[in-house]
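Understanding the architecture of this molecule
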Amino acid sequence: MIELKNIDVTFKEKKQEIAAVREVNLTIEDGDVYGIVGYSGAGKSTLVRVINLLQRPTNGEVLINQVNLTKLNQKELRQARKKIGMIFQHFNLMQARTIFDNVDFSLRYSKLNKQERQAKVTQLLELVGIADKAQAYPSQLSGGQKQRVAIARALANDPEILLCDEATSALDPKTTLQILELLKKLNKELGLTIVLITHEMQVVKEICNKVAVMEAGLIIEKGSAIDVFSAPQEPLTKDFIRTATHVDQALATILEHPKFSALQPNEWLVELAYVGDETNEPLIASLYSRYQVSTNILYGNVEIIQETPLGSLIVTLQGGLQQRQQALNYLAEQGVRTQVLKKENVAATNVYVLEGSNQR
Ligand SMILES: Nc1ncnc2c1ncn2[C@@H]1O[C@H](COP(=O)(O)OP(=O)(O)OP(=O)(O)O)[C@@H](O)[C@H]1O
Ligand SMILES: [Mg+2]
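These lines cover the structure that appears in this document, whether it is placed above or below. In this text the structure is predicted, and so the values were computed from the model without any measurement.

A closer look at the overall build of the protein
Looking only at helices and strands, the protein has 13 helices and 15 strands in total. Burial statistics for the protein: of 360 residues in total, 49% are counted as buried. Long-range pairs, those at least 24 residues apart, make up 69% of the contacts in the protein with a sequence separation of at least 6. Of the roughly 17,500 Å² of accessible surface on the protein, 48% is carried by carbon and sulfur atoms.

Let's talk about the nonpolar core
Core analysis: the biggest nonpolar cluster contains 54 residues, and Ile151, Leu183 and Met201 have the highest contact counts within it. Excluding anything up to four places from it in sequence, leucine 183 contacts Ile151, Leu162, Cys164, Ile194, Leu196 and Ile207. Core analysis: the second largest hydrophobic core is formed by 30 residues, Ile84, Met86, Ile197 and Ile219 among them.

Side note on unusual backbone geometry
Phi is positive for glutamate 23, which is not a glycine, with a value near 45 degrees. Examined against the element boundaries, glutamate 23 turns out to sit in strand S2 (residues 16-28). Not every positive phi belongs to a glycine, and glutamine 306 is a case in point at roughly 50 degrees. Mapped onto the elements of the fold, glutamine 306 is located in the loop between strand S12 (294-305) and strand S13 (308-318).

Looking at the sheet that holds strand S6 (residues 84-88)
Reading across from one edge, S6-S7-S8-S3-S9-S10 is the order of the six strands in this open sheet, with mixed pairing throughout. The sheet is open, and its two borders are formed by S6 and strand S10 (218-224), each paired with just one other strand. Between one strand and the next, the sheet's axes are offset by a mean angle of 15 degrees, whatever the strand orientation. Relative to strand S8 (residues 193-198), helix H1 (residues 44-51) is tilted by about 160 degrees, and along the sheet it contacts strand S3 (33-37), S6, strand S7 (161-165), S8, strand S9 (210-215) and S10. Helix H6 (residues 173-190) rests against S3, S7 and S8 of the sheet, and its axis sits at about 155 degrees to S8.

Some words on empty space enclosed by the protein
Counted according to the given criterion, the structure contains one cavity of 30 Å³ or more. Considering only enclosed or pocket space, the largest cavity measures out at about 40 Å³ in volume. In terms of lining residues, the largest cavity is bounded by Cys164, Glu166, Ala167, Thr168, Leu180, Leu183, Leu196, Ile197, Thr198 and Val203. Mapped by element, the contributors of at least two residues to the lining of the largest cavity are H6 and S8. Top element by residues in the lining of the largest cavity is S8. It accounts for three residues.

Definitions and limits used
- Residues numbered from 1 in each chain as written.
- Chains lettered and ligands numbered in written order.
- Predicted model: local features only at pLDDT ≥ 70, side-chain atom pairs only at ≥ 80, totals over all residues.
- Heavy atoms only, no water.
- Helix = DSSP H or I, 4+ residues; strand = E, 2+ residues; numbered from the N terminus.
- Buried < 20%, exposed > 50% of the residue type's maximum accessible area, 1.4 Å probe, protein only.
- Contact = heavy atoms within 4.5 Å.
- Areas by Shrake-Rupley, 256 points an atom, 1.4 Å probe, with all protein chains shown as cover.
- Core = buried A, V, L, I, M, F, W, Y, C linked by side-chain atoms within 4.5 Å.
- Pairing = 2+ DSSP bridges.
- Axes fitted to C-alpha atoms, helices over the stretch in contact; angles between N-to-C directions.
- 1 Å grid on protein atoms, 1.4 Å probe; cavity = no way out; pocket = protein on both sides within 12 Å on 5 of 7 lines; lining within 4 Å.
- Points joined across faces, edges and corners; volume = space filled by probe spheres on them.

These figures come from the coordinates and say nothing about function on their own.
Spelled out as structure tokens, the structure:
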């Protein structure tokens, strides 16, 4: 278990102080794949470097399995760091050495003899699916292959924790998915705890069971991936999720359409979000019989987060004002999150969220 307690990191630059990380409290359980998401400069890299004390916090404590790293001497810290591997956006391989030697280098302080080291490196290269490249040099490998080597190297000392700083940011979407699949496999098979920094909620969606959102050094929201995706609280979190689920793209397309840039006087454009696999079609159909509100579905999407489906729909609701409000209340009571995106007679330029109700 990783516990970060009241972590502050302040950089001093020419009399100016930069609070890169502020008051962070975070607990990462064994076996978690914990995503830390935020825009550039949010403090993600600084925070993750605190976990292995590559960056010493200005204030606060770092506990790993109840051991306070900030209190260890150099030798003890070196030992503790062996249990924490790390990978980066640009792989950081040694260009003049073969793939085999890049991984073997991590074993230079291990107690294994030459033969055992050889077997270990081979086994690691097989584990990450790149055994056939043992004698190649980094320059001969694709980005995805290089990241596999970096992962093998990070695993050489059998760490319990793997820190990933934008590990897929230099890769194309397909290769990104392959690397995420590999990380998922390592999490399952080795019980590896993974802390994964990214600026893409898409990455979180693929593999994380928990997520924290960072802004200006603070963790502004955290929780299980399901909770955060199904009921994001902070505007920034909502932003990230809309981008990851492509709802914002759909919305932009819809709003460009002349019909929706000018809604009928009795019409609202509404986003509905729901958790679980019970389809909401009967629910929506029932709005007419209950409230004489007719629904037109413009966009629908289902995301699978941690094996749970999360649905979102963009619909127009047409009917009496009071009836529309009642229909929304009814949906909220049924566990559907509702948000009026646009009301009648409002210019398309002031769109996006006019009014929100966040009931689940
Ligand atoms: N060694 C340093 N000295 C001074 N300022 C630093 C140092 N490292 C980071 N910072 C500052 O701290 C803030 C957080 O930086 P950090 O690299 O942690 O952000 P990040 O979320 O990882 O961003 P990115 O997504 O661009 O990698 C930034 O304002 C950055 O300029
Ligand atoms: Mg960074």
